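One letter stands for each residue in the lines below.
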Amino acid sequence: MINMEHVTKRFAADGPASVDDLSLVVPEGTTTALIGPSGCGKTTTMRMINRLIDPTEGKIIVNGEDVTKVDPVQLRRHIGYVIQQVGLFPHMTIAQNIAAVPKLLGWTEAKITSRTEELLDLVGLDPCEMLKRYPRQLSGGQRQRIGVARALAADPPVLLMDEPFGAIDPIARTRLQDEFRQILRRVRKTVVLVTHDLDEAIRLGDRIAIMKSGKIVQYDTPDSVLSHPADAFVENFVGIDRAIKRLSLFTVHDAMNTTTPSTGVSTVAPTSSLRDALALMVAANSDVLAVVDESGAVKGQLTRDAIFAV
Ligand SMILES: Nc1ncnc2c1ncn2[C@@H]1O[C@H](COP(=O)(O)OP(=O)(O)O)[C@@H](O)[C@H]1O
Ligand SMILES: [Mg+2]
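Residues numbered from 1 in each chain as written. Chains lettered and ligands numbered in written order. Predicted model: local features only at pLDDT ≥ 70, side-chain atom pairs only at ≥ 80, totals over all residues. Heavy atoms only, no water.

Break down the site of ligand 1 for me, citing the residues and quoting the values.
Surveying the vicinity of ligand 1 reveals the residues Phe11, Ser18, Pro37, Ser38, Gly39, Cys40, Gly41, Lys42, Thr43 and Thr44. Here an oxygen atom of ligand 1 sits 3.3 Å away from a polar atom, N or O, in the main chain of Cys40. Burial of ligand 1 by the protein chains amounts to 53% of its free accessible area of 570 Å². Residue contributions to the shell around ligand 1 peak at three residues, all from helix H1 (residues 42–49). In terms of residue class, the shell around ligand 1 is made up of three nonpolar, six polar and one charged. (Near = heavy atom within 4 Å. Polar contact = N/O pair within 3.5 Å; in protein donor to acceptor, adjacent residues only side chain to side chain. Areas by Shrake-Rupley, 256 points an atom, 1.4 Å probe, with all protein chains shown as cover. Helix = DSSP H or I, 4+ residues; strand = E, 2+ residues; numbered from the N terminus. Nonpolar A, V, L, I, M, F, W, Y, C, P; charged D, E, K, R; others polar.)

Encoded structure:
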């Protein structure tokens, strides 16, 4: 668990507070997305958690320990860190990059080798192909996956990610986000994810903290942020299409009717999001879709009214 209590950061003694009396609890095994306009203090907040920056005031507890009371180098070995620029060591192979922290922790060669292969598998890369390559021989998306693998190497309970998918093209980004979500289901971590992309925050966050000028203005589930923005700033930040974005939190399965025979002509999969289902309705100019599973069996129907009622 991460617990920040009344944390303030001023870079100059008489300067403005970049982070201003911020309190935040990230429960164990959950993901919090920190989101807000550029310069609002997201990166500063995150870098105080692994002590790349020391707070001016306040307290930060990670896994029951006050981070200011432990050796920062030791601390960072137990907190995975992923950044947009990835920060792979260019002169080291992929294998050596992933092994960096386990080596510092004194793992045996055999344990490191098997862990490296396991991690490449986890992030969807072929170990045979990757291990001997250098970072410059990889695509942006592959490097980002290696960044995630390296952060997970020593199985840290806490993962900090600062715009991890920001530098990747939109299609690859969505895929990586989905894969990352799958990974988190398998290896439960306490995650703080900094992003300026609301869709990413909605997709990956159990909770979203919306920041403005060093403060958190709303800390809630994606559903609550989108359905009940706390003030005009949040409402404006989440945008006019917040009701449509909110539909991406639900699947057809959540709203379909399985008891009436379907009158729909166009079809949708039960696993599709309601946002996609609504888009299909608009495209088909129809207010009902037949819900059809992979085997082609009709499972029920989805009406526009059922979508509007979620
Ligand atoms: N090392 C630093 N020295 C002085 N000011 C800084 C430093 N790092 C960040 N700031 C200032 O703190 C504020 C918050 O920055 P940052 O946390 O990087 O914002 P975000 O990640 O939300 O874009 C900004 O006004 C920025 O200029
Ligand atoms: Mg930043």
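After that view of the structure, there is still more to cover.
Break down the layout of surface pockets for me, citing the residues and quoting the values.
Empty space within the largest pocket amounts to approximately 680 Å³. In terms of lining residues, the largest pocket is bounded by 26 residues, among which Arg181, Arg185, Ile202, Arg203 and Leu204 are the most central. Broken down by secondary-structure element, the contributors of at least two residues to the lining of the largest pocket are helix H7 (170–186), helix H8 (198–204), helix H9 (222–227) and helix H13 (274–284). Across the lining of the largest pocket, the residue classes tally to six nonpolar, nine polar and 11 charged. Per-domain counts for the lining of the largest pocket show at least three residues from each of domain 1 (2–246) and domain 2 (251–308). (1 Å grid on protein atoms, 1.4 Å probe; cavity = no way out; pocket = protein on both sides within 12 Å on 5 of 7 lines; lining within 4 Å. Points joined across faces, edges and corners; volume = space filled by probe spheres on them. Domains from an automatic or database assignment.)

Account for the domain arrangement of the protein, naming residues and giving values.
Partitioning the protein into domains gives domain 1 (2–246) and domain 2 (251–308). Computed from C-alpha atoms alone, the centre-to-centre distance between domain 1 and domain 2 is 35 Å.

Can you break down the sheet that holds strand E11 (residues 267–268) residue by residue, with the values?
With mixed pairing, the three strands of this open sheet are ordered in space as E11-E12-E13. Where the open sheet ends on each side, the last strands, each with one partner, are E11 and strand E13 (298–303). By the bridge criterion, five bridges tie strand E12 (residues 288–292) to E13 in an arrangement that is antiparallel. By the bridge assignment for E13, Ala290 is matched with Gln301. (Pairing = 2+ DSSP bridges.)

For the pairing of strand E2 (residues 17–26), give the residues involved together with the corresponding values.
Note that strand E1 (residues 2–10) and E2 share six bridges and pair antiparallel. Counterpart to Asn3 in the pairing with E2 is Val25. Counting the residues between successive antiparallel strands, the hairpin from E1 to E2 contains six residues.

An account of the sheet that holds strand E3 (residues 31–35) is needed here, citing residue identities and associated values.
Sheet architecture is open: six strands sit in the order E6-E7-E8-E3-E9-E10, paired in mixed fashion. A single partner strand is all that each edge strand has here, and the edge strands are strand E6 (79–83) and strand E10 (215–220). Each strand axis lies, on average, 15° off the axis of its neighbour in the sheet, ignoring direction. Where E6 meets strand E7 (residues 158–162), five bridges bridge the pair, whose relative direction is parallel. When the sheet's bridge partners are listed, Tyr81 is paired in E7 with Leu160. (Axes fitted to C-alpha atoms, helices over the stretch in contact; angles between N-to-C directions.)

Give a detailed account of the pattern of salt bridges, specifying residues and quantitative values.
Applying the stated rule across the entire model yields 16 salt bridges. The closest approach of N and O atoms between Asp155 and Lys189, which form a salt bridge, is 2.5 Å. Taken together, the residues Asp155 in the loop between helix H6 (140–152) and E7 and Lys189 in the loop between H7 and strand E8 (190–195) connect sequence positions 34 residues apart. Here Lys245 makes a salt bridge to Asp199, at a shortest N to O gap of 3.8 Å. Within this pair, whereas Lys245 is found in helix H11 (residues 242–247), its partner Asp199 is found in helix H8, the two being separated by 46 residues in sequence. Among the residues examined, Asp199 registers a relative accessible area of 23% and is labelled partly exposed. Each of Asp199, Asp241, Lys245 and Arg275 takes part in one network of salt bridges that share partners. (Salt bridge = Lys/Arg side-chain N within 4 Å of Asp/Glu carboxyl O. Buried < 20%, exposed > 50% of the residue type's maximum accessible area, 1.4 Å probe, protein only.)

Tell me about the nonpolar core, residues and numbers included.
By size, the foremost hydrophobic cluster in this structure holds 41 residues, and its most contacted members are Ile98, Leu120, Ile146, Met161 and Phe180. The residues contacting Phe180, other than those within four sequence positions of it, are Val148, Leu159, Met161, Phe165 and Leu204. The next biggest cluster of nonpolar side chains, apart from the first, holds 25 residues, and it includes Val19, Val26, Val62 and Val192. (Core = buried A, V, L, I, M, F, W, Y, C linked by side-chain atoms within 4.5 Å. Contact = heavy atoms within 4.5 Å.)

Describe the side chain of Thr31, naming the residues involved and giving the relevant values.
Within the secondary structure, Thr31 sits in strand E3. Accessibility expressed as a relative area gives 5% for Thr31, which makes it buried. With sequence-adjacent residues up to four places away left out, Thr31 is seen in contact with Leu184, Val191, Leu204, Gly205, Asp206 and Arg207.

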